[in-house]
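# Close look at the chain arrangement
So the chains spell out like this:
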Amino acid sequence: QAKEFESKGDLPEERAAYQKLVNQFVSSPDIAKWQKKLEDLNIKLLFSPTITPQSELYEIKPGDTLAKIAKQFNTTVELISKSNNLSSDRIIPGRKIKVWKAPFTIFVDKSQNVLLLKTAEDVFKTYIVSTGKDNCTPVGTFKIVNKLPNPTWFKSGAVVSPDSPDNVLGTRWMGFDLAGYGIHGTIEPQNLGKQVTEGCVRMSNPEVEELYTIVPVGTEVTIVN
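Predicted model, so just to flag it, every value in this text is computed and none were measured. (Residues numbered from 1 in each chain as written. Predicted model: local features only at pLDDT ≥ 70, side-chain atom pairs only at ≥ 80, totals over all residues. Heavy atoms only, no water.)

### Re the packing of helix α2 (residues 11-24) against helix α3 (residues 31-46)
One way to put it is that α2 packs onto α3 with a least axis distance of 9 Å and a crossing angle of 150°. The pairing of α2 with α3 is recorded here as roughly antiparallel in orientation. Where α2 crosses over α3, the handedness of that crossing is left-handed. Here L11, P12, E14, R15, Y18, Q19, L21 and V22 of α2 lie close against α3, whose contacting residues are I31, W34, Q35, K37, L38, L41, N42, K44 and L45. A breakdown of the residues in the contact of α2 with α3 according to their chemical character gives ten nonpolar, three polar and four charged. (Axes fitted to C-alpha atoms, helices over the stretch in contact; angles between N-to-C directions. Helix = DSSP H or I, 4+ residues; strand = E, 2+ residues; numbered from the N terminus. Parallel < 35°, antiparallel > 145°, perpendicular 65-115°, else oblique. Left-handed = near helix turned anticlockwise from the far one by under 90°. Contact = heavy atoms within 4.5 Å. Nonpolar A, V, L, I, M, F, W, Y, C, P; charged D, E, K, R; others polar.)

### Quick notes on the pattern of salt bridges
Pairing is possible between side chains of opposite charge, provided their charged atoms come close. By the definition in use, this model includes nine salt bridges. When the shortest N-O distance is used, the salt bridge between K33 and D30 registers 3.8 Å. The exposure class assigned to K33 is exposed, which follows from its relative accessible area of 56%. Among the residues examined, D30 registers a relative accessible area of 32% and is labelled partly exposed. As a salt-bridge pair, K118 and E121 come within 3.8 Å of each other at their nearest N and O atoms. The class of K118 is buried, set by a relative accessible area of 16%. You can call E121 exposed: its relative accessible area is 65%. (Salt bridge = Lys/Arg side-chain N within 4 Å of Asp/Glu carboxyl O. Buried < 20%, exposed > 50% of the residue type's maximum accessible area, 1.4 Å probe, protein only.)

### Some details on the pairing of strand β2 (residues 96-100)
For β2, a buried count of four out of five residues is recorded, marking the element as mostly surrounded by other parts of the structure. Bridge count for strand β1 (residues 55-59) against β2 is five bridges, and the pairing is antiparallel. Within β2, the residue paired with E56 across the bridge is V99. (Pairing = 2+ DSSP bridges.)

### A closer look at the sheet that holds strand β10 (residues 172-176)
The eight strands lie next to each other as β5-β4-β3-β14-β7-β10-β11-β13, forming an open sheet whose pairing is mixed. Both edges of this open sheet fall to β5 (122-128) and β13 (201-202), since each of them pairs with a single strand only. As defined by bridge partners, strand β4 (residues 114-119) adjoins β5 across six bridges and the pair is classed as antiparallel. Looking at the pairing, T119 lines up with D122 of β5. Where α3 meets the sheet, it contacts β3 (104-109) and β5, and its direction lies at approximately 100° from that of β5. Against the sheet, helix α6 (residues 205-214) touches β3, β4, β5, β7 (140-149), β10 and β11 (182-184), its axis set at about 55° to β10.

### Examining the nonpolar core
Within the largest apolar cluster, 28 residues are counted, with the highest numbers of intra-cluster contacts made by I106, L115, I183 and L211. Only α3, β3, β4, β5, β7, β10, α6 and β14 (220-224) provide two or more residues apiece to this core. Here the element with the most residues in this core is α6; it accounts for four residues. Beyond its immediate stretch of four places on either side in the chain, L211 contacts I106, L115, L117, Y127, M174, I183 and M203. (Core = buried A, V, L, I, M, F, W, Y, C linked by side-chain atoms within 4.5 Å.)

### Points about the environment of S83
Relative to the elements of secondary structure, S83 occurs in helix α5 (residues 77-83). For S83, a relative accessible area of 3% corresponds to the buried category. Counting along the chain gives 109 residues from S83 to L192, while the straight-line C-alpha distance between them is 29 Å. In this structure, S83 is in contact with L46, F47, S48, P49 and K98, ignoring residues within four places of it in sequence. Within the local environment of S83, its side chain forms a polar contact with the backbone oxygen of L79, the two atoms lying 2.8 Å apart. (Polar contact = N/O pair within 3.5 Å; in protein donor to acceptor, adjacent residues only side chain to side chain.)

Pasting the structure below:
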């Protein structure tokens, strides 16, 4: 059934079929493959104009801006733009656009070096990450308080520019309400899945760019041992 929906390009029905497989056949040797397919479909649907139960069709009003709409729905300008194939910030009143409305949370498991993007209690996407050496990544619940594309790295005694090959922050930074800690990209993708950082959570650059598009400032991040 899932294959049939895939051949028709029916993403919502294909996703529903894989969700059913994951829920009903938990002991199957194919469960990991199904879960991966389900998560890939979650992202495809999120980034597409297709309306899902977690999104709505919003009619642009006079005076609206993408930033104003993003704030109203607690989402990001980048996600609105991507899911509606917008090429600029210019929007026209009366046009209807897809807006995501379900809050996301982030869960980081240091023992597995995985980051789970969740909506409600469902795992939306799983990412392999690096965490702090000697288990130094702090545990607890934090909030993302700032987001920076192509961040400058301010390390002790030096300022490392975004285009430097020595900038360990990679292409994105999402800082916590705990000074000096956050989620960022990497120049060492070969070390993902290991405890090697100074305490931050590292992701591959393509994946941190994906996450940056999805989660707004204020997103809750829970880190456990």
